[in-house]
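In case you want the letters, here they are:
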Amino acid sequence: MKIGIPKEIKNNENRVGMTPAGVAELVKHGHEVFVQHTAGESSGFADQEYEKMGAKILPTIEDVYQAADMIIKVKEPIESEYNLVKEGQLVFTYFHFACSKPLTEAMIKSKGVCLAYETVQLADRSLPLLTPMSEIAGRMATINGTYYLQKTKGGNGKLICGVPGVKPAKVVVLGGGIVGQAAARVAAGMGADVIITDISLPRLREIAATMPANVNTLYSSSQNVANEIKDADIVVGAVLIPGAKAPHLITRDMLKTMQPGAVLVDVAIDQGGCFETSHPTTHSEPVYEVDGVIHYAVANIPGAVPYTSTSALTNATLKYALALADKGWRKACKEDEALFKGLNIVEGKVTFKAVADVFGLPYEPIEL
């Protein structure tokens, strides 16, 4: 199969779809790999490293899309890429369709095959291709929240760990999944007073048994959340419904009860955000203020640490990329239920129900 790895062109997206080591495995399986010039540069991987592993370097993004049967990316195609996706072409990347109708309509029109990392799901309901980026985003959520807590950055001026005689900051984490646990663990390691919420009692029991003593669990009801955010210094939104829009756990009215200079970090912004006042931001302009509360809602948080992120992502995606390349997407998805669940749009049809529902589009389940 001919596989293309274009350069990411979303604002400040420094990751790349695959490391040179991953490319070497694809070539070893007999596939041709085309990498766009300087695609891996921001992640620390030079063109020469890809060439050494058997890839061919192409000068433009148009060349890569034209040459490839399968595109391996990190982020969803942006508007300038919409017309590059060919009919029948497999695009393997994070799509997050539920928060972008223009993207959804463009991919339907393209008649490409859109296999989304974020909805590939194992039998235990875990999300193997979302997990590594969730781990990084959760860690970074606390680190970035702490940074913007500084008075010079618009925050309330509290040091997250406190000092002897002065209380540490209070961090509230909404959601006890991969992102939430990573955020809570880093906050706890920094010495914060941490509350983590979830609607799953078994998960809360697991968290209570494995987290440090300065992490407390709380059932996630609207009233409990409303009470806890009033004196919170950092709130991390870490709620995910695979493939669907995130629920708004903090409304604008609730925001008004928070202390000035508190920081909201919305890791769910890729799926529409879990704060009513959230809208996507970029690494170049990451924050804005509403009612005195700082909002950090960067849609590609792991892009700030691209070497780590690209390496971790390749570790997770390579197994599936090899299956798709070796067998073709139809056979690979037929044989692997997890991959099958990644099919969101196939040749002009919406095949993932949550995406169809959010936009009122026809849902056409695929049979292989």
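Just so it is clear, the model here is predicted, and its values are computed rather than measured.

Rules of the game
- Residues numbered from 1 in each chain as written.
- Predicted model: local features only at pLDDT ≥ 70, side-chain atom pairs only at ≥ 80, totals over all residues.
- Heavy atoms only, no water.
- Axes fitted to C-alpha atoms, helices over the stretch in contact; angles between N-to-C directions.
- Helix = DSSP H or I, 4+ residues; strand = E, 2+ residues; numbered from the N terminus.
- Left-handed = near helix turned anticlockwise from the far one by under 90°.
- Contact = heavy atoms within 4.5 Å.
- Nonpolar A, V, L, I, M, F, W, Y, C, P; charged D, E, K, R; others polar.
- Pairing = 2+ DSSP bridges.
- Right-handed = clockwise from strand over helix to strand, strands pointing away.
- Core = buried A, V, L, I, M, F, W, Y, C linked by side-chain atoms within 4.5 Å.
- Buried < 20%, exposed > 50% of the residue type's maximum accessible area, 1.4 Å probe, protein only.
- Phe/Tyr/Trp six-rings, centres within 6.5 Å; stacked < 30°, edge-to-face > 60°.

Visitor: Explanation requested: the packing of helix H5 (residues 131–148) against helix H6 (residues 178–189) in the structure shown.
Guide: Relative orientation and spacing of two packed helices are given, respectively, by the angle between their axes and the distance between those axes. Between H5 and H6, the shortest axis-to-axis distance is 7 Å and the interhelical angle comes to 40°. Read as a crossing pair, H5 and H6 show a hand that is right-handed. Packed against H5, whose contacting residues are Thr131, Ser134, Glu135, Gly138, Arg139, Thr142 and Ile143, the element H6 presents Ile178, Val179, Ala182, Ala183, Val186 and Ala187 at the interface. A breakdown of the residues in the contact of H5 with H6 according to their chemical character gives seven nonpolar, four polar and two charged.

Visitor: I'm lost on the pairing of strand E1 (residues 2–5) in this one. Help?
Guide: Consecutive side chains along a regular strand alternate between the two faces of the sheet. The pairing of E1 with strand E2 (residues 32–36) spans four bridges and is classified as parallel. Residue pairing in the sheet places Ile5 in a bridge with Val35 of E2. Viewed along the sheet, the connection from E1 through helix H1 (residues 20–28) into E2 turns out right-handed. Sheet analysis places E1 next to strand E4 (residues 70–72), joined by two bridges and oriented parallel. Residue pairing in the sheet places Ile3 in a bridge with Met70 of E4.

Visitor: In this structure, what is going on with the nonpolar core? I would like to understand it.
Guide: As a rule of thumb, nonpolar side chains are buried together in soluble globular proteins. Of all hydrophobic cores here, the largest spans 75 residues; its most connected members are Phe92, Leu115, Val236, Leu324 and Leu339. Ignoring anything within four residues of it in the chain, the contact list for Phe92 reads Ile71, Ile72, Lys73, Leu115, Tyr117, Leu129, Thr317, Tyr320, Ala321, Leu324 and Leu339. One finds Leu58, Ile71, Tyr82 and Ile345 within the second-largest nonpolar core, a separate group that totals 26 residues.

Visitor: Explain the sheet that holds strand E11 (residues 263–266) here, please?
Guide: Within a sheet, adjacent strands bond to each other through the backbone by hydrogen bonds, running parallel or antiparallel. Here we have seven strands laid out as an open sheet, ordered E9-E8-E7-E10-E11-E13-E12, and mixed in their pairing. Two strands lie at the open edges of the sheet, namely strand E9 (215–219) and strand E12 (287–290), each paired on one side alone. If you compare each strand with its neighbour and ignore which way they point, the axes differ by 20° on average. Taken together, the four bridges between strand E10 (residues 234–237) and E11 define a ladder with parallel strand orientation. Bridging across to E11, Val236 finds its partner in Val265. Each of E10, E11, E12 and strand E13 (293–296) touches H5; the most contacted strand, E11, lies at about 155° to it. Running over the sheet, H6 touches strand E7 (170–174), strand E8 (193–198), E9 and E10 and is turned about 170° from E8.

Visitor: I tried to follow the packing of aromatic side chains on my own but got confused; where do I start?
Guide: One pair of aromatic rings is described through two measures. These are the centre distance and the angle between the planes. All told, the structure shown has six aromatic pairs when counted by the stated rule. Ring geometry for Tyr147 versus Tyr148: centroids 4.9 Å apart, planes at 90°, classification edge-to-face. The class for Tyr147 is partly exposed, based on a relative accessible area of 37%. One aromatic cluster is present, built from ring pairs that chain together Phe92, Tyr94 and Tyr117.

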